[in-house]
Amino acid sequence: MHWAFVVRESATEVPFAEAIAEVDPSLHTQLRDDARDSGFTRAAGEPPPASAALHVHAGHLLKLVLVGGLQVWELDPPAPLSPGWLAAARVRDSAVVVIVPPGTWPPDLPDMAPAARVEAFTDRLEKAREAGHVLHATARLLSG
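Everything in this summary refers to the structure shown in the same document.

Rules and cut-offs
- Residues numbered from 1 in each chain as written.
- Predicted model: local features only at pLDDT ≥ 70, side-chain atom pairs only at ≥ 80, totals over all residues.
- Heavy atoms only, no water.
- Buried < 20%, exposed > 50% of the residue type's maximum accessible area, 1.4 Å probe, protein only.
- Helix = DSSP H or I, 4+ residues; strand = E, 2+ residues; numbered from the N terminus.
- Arc of directions from axis to C-beta.
- Contact = heavy atoms within 4.5 Å.
- Phe/Tyr/Trp six-rings, centres within 6.5 Å; stacked < 30°, edge-to-face > 60°.
- Salt bridge = Lys/Arg side-chain N within 4 Å of Asp/Glu carboxyl O.

### Description of helix H2 (residues 83–92)
Among all positions of H2, only Trp85, Leu86, Ala88 and Ala89 are buried. Projected down its long axis, H2 shows its buried positions confined to an angular sector of 165 degrees, all on one face. Residues of H2 that are exposed and point more than 90 degrees away from the buried face comprise Pro83 and Val91. Against strand S1 (2–8), strand S2 (16–22), strand S4 (49–57), strand S7 (94–99) and strand S8 (135–143) lie the buried residues of H2.

Structure below.
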């Protein structure tokens, strides 16, 4: 499971936290179905609220819980979160979760220069979004 954590500026409100997830192709259909059952929609316009939660502890994302608590997607190991991301998520007690299809992450991403990483990933994400393959929703933030 790949995760990216972004703080997005908002023209009218405080910044918001975004968590972008991609799973192995063998798990994608299950994650996509769980996300849809939780209220995720095709990523266009404002993300709707979902019956989903991100569990955070000690500055790390531990799991994504979907379908009202029936489906749990645990991170192994837990993913570290930046202080800026945590602050943005805590202001709203939520974060936007974006589910992308397999292959969105460029395979050579770790080997790229930082600016090239952002450009390559953003380009692939936008293509997947335009094709209607990206889901999004707002999930509650649960700290413990």
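### Description of the packing of aromatic side chains
Counting across every chain of the model gives 3 aromatic pairs. An aromatic cluster is defined as three or more aromatic residues linked by ring pairs; in this entry it consists of Trp3, Phe5 and Trp85.

### Comments concerning the pattern of salt bridges
The tally for this structure, following the rule as stated, stands at 4 salt bridges. Linking Asp33 and Arg32 is a salt bridge whose minimum nitrogen-to-oxygen distance equals 3.3 Å. By relative accessible area, which is 24% here, Arg32 ends up partly exposed. As a salt-bridge pair, Glu126 and Arg129 come within 3.6 Å of each other at their nearest N and O atoms. Here the residue Glu126 and the residue Arg129 both occupy positions in helix H3 (residues 114–130), the gap between them amounting to 3 residues, near one helical turn. Since its relative accessible area comes to 36%, Glu126 is described here as partly exposed.

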